[in-house]
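Each chain, letter by letter, is given below.
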Amino acid sequence: MSGGKLWTEDDDIYLEYYYFCGEKKIRDAAIFLGRTEDAVKARGDFLRKENPKIPKMRFQWSMESEQKLIKLYPHHTAEYIAKVIGTTRHSVLKKAERLGLTGNKVNLIKHLDKKIRKLAAEGLTRSQIADEIGKPYNTVKKYIWQNQIKVTKASVSVGWLDYHKKLNQAHFAETRKIWTRTHKRDGLSNTG
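This write-up is about the structure you can find in this document. (Residues numbered from 1 in each chain as written. Predicted model: local features only at pLDDT ≥ 70, side-chain atom pairs only at ≥ 80, totals over all residues. Heavy atoms only, no water.)

Taken as a whole and judged by the stated rule, the model has nine salt bridges. Between R35 and D11 there is a salt bridge; the shortest N-O distance is 3.0 Å. Of this pair, R35 sits in the loop between α2 (26-33) and α3 (37-50) while D11 sits in helix α1 (residues 9-21), and the two are 24 residues apart along the sequence. For R48, the salt bridge identified is with D45, shortest N-O distance 2.8 Å. Within this pair, R48 and its partner D45 are both found in helix α3, separated by three residues, close to a single helical turn. For R48, a relative accessible area of 13% corresponds to the buried category. What makes D45 partly exposed here is its relative accessible area of 39%. (Salt bridge = Lys/Arg side-chain N within 4 Å of Asp/Glu carboxyl O. Helix = DSSP H or I, 4+ residues; strand = E, 2+ residues; numbered from the N terminus. Buried < 20%, exposed > 50% of the residue type's maximum accessible area, 1.4 Å probe, protein only.)

Looking now at the nonpolar core. The biggest cluster of nonpolar side chains holds 13 residues, and the ones touching the most others in it are I109, I116, I129, I133, V140, I144 and I149. Every element with two or more residues in this core is listed here: α8 (113-121), α9 (126-133) and α10 (137-146). Setting aside residues up to four positions removed in sequence, I109 forms contacts with I116, K135, T139, V140 and Y143. Listed in part, the 12 residues of the second largest apolar core include L15, I26, L33 and L47. (Core = buried A, V, L, I, M, F, W, Y, C linked by side-chain atoms within 4.5 Å. Contact = heavy atoms within 4.5 Å.)

In total, this model carries two aromatic pairs according to the counting rule given. Ring centres of Y14 and Y18 lie 5.7 Å apart, and the angle between their planes is 40°; on these two criteria the pair is classed as tilted. With Y14 and Y18 both in helix α1, this residue pair falls four residues apart, about one helical turn. These aromatic residues form a ring-pair network of at least three members: Y14, Y18 and F32. In this structure, R35 is placed above the aromatic ring of W7, and the distance from its NZ or CZ to the ring centre is 3.8 Å. (Phe/Tyr/Trp six-rings, centres within 6.5 Å; stacked < 30°, edge-to-face > 60°. Lys NZ or Arg CZ within 6 Å of the ring centre and 35° of its normal.)

Look at Q148: it is not a glycine, yet its phi comes out positive at around 50°. Within the secondary structure, Q148 sits in the loop between α10 and α11 (158-185). Residue class for Q148 comes out exposed when judged on its relative accessible area of 68%.

On to the side chain of S65. Summarising the element assignment, S65 is placed in helix α4 (residues 63-72). A residue is classified by how much of its surface remains accessible, and S65, at 6% relative accessible area, is buried. Setting aside chain neighbours within four positions, we find S65 in contact with F59, Q60 and I85.

Further remarks concern the environment of A30. Looking at the secondary structure, you find A30 in helix α2. Along the backbone, A30 and L15 are 15 residues apart, and their C-alpha atoms lie at a distance of 9.5 Å. Among all residues touching A30, those that are not within four sequence positions of it are R35, T36, E37 and V40.

Here it is as structure tokens:
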């Protein structure tokens, strides 16, 4: 035990019974035992080492929880939905995938479709469109790709290239000066 209260034999018996009966919400066991969900999961893992027949507790999706997921997924994060339904973020994402629900962040910009298409038609790049509508670049990029919207490809700035070219030339020239000085001082030449 690292912190909190000690587990009693009665707690362990209840937890084993809870796992075997198939009641599937760890939150309910945690509330009944007056412990955190993490503590209940950890104790379950510990009990499973002593008795491997104790099943793992997995969230059972009911029709009600599926309907909540379908309703909430387009508008909320997986973390939020997991808290509402009483499961993990991973479970929410996997169930959403099995139900064919699309990425929820992309759906959050669906109402901006006309504006995105207008900006793309005006010749803006994905990055410029993201800046214009105030949404994350990766979200806009994914939305544009999923909806097959033609956009102008971003080109590398000539000024940026010139700057780095001059920087590299200056570095090369300085390196050559140092090499030449060193070799002249040591009596070496650069001819073979």
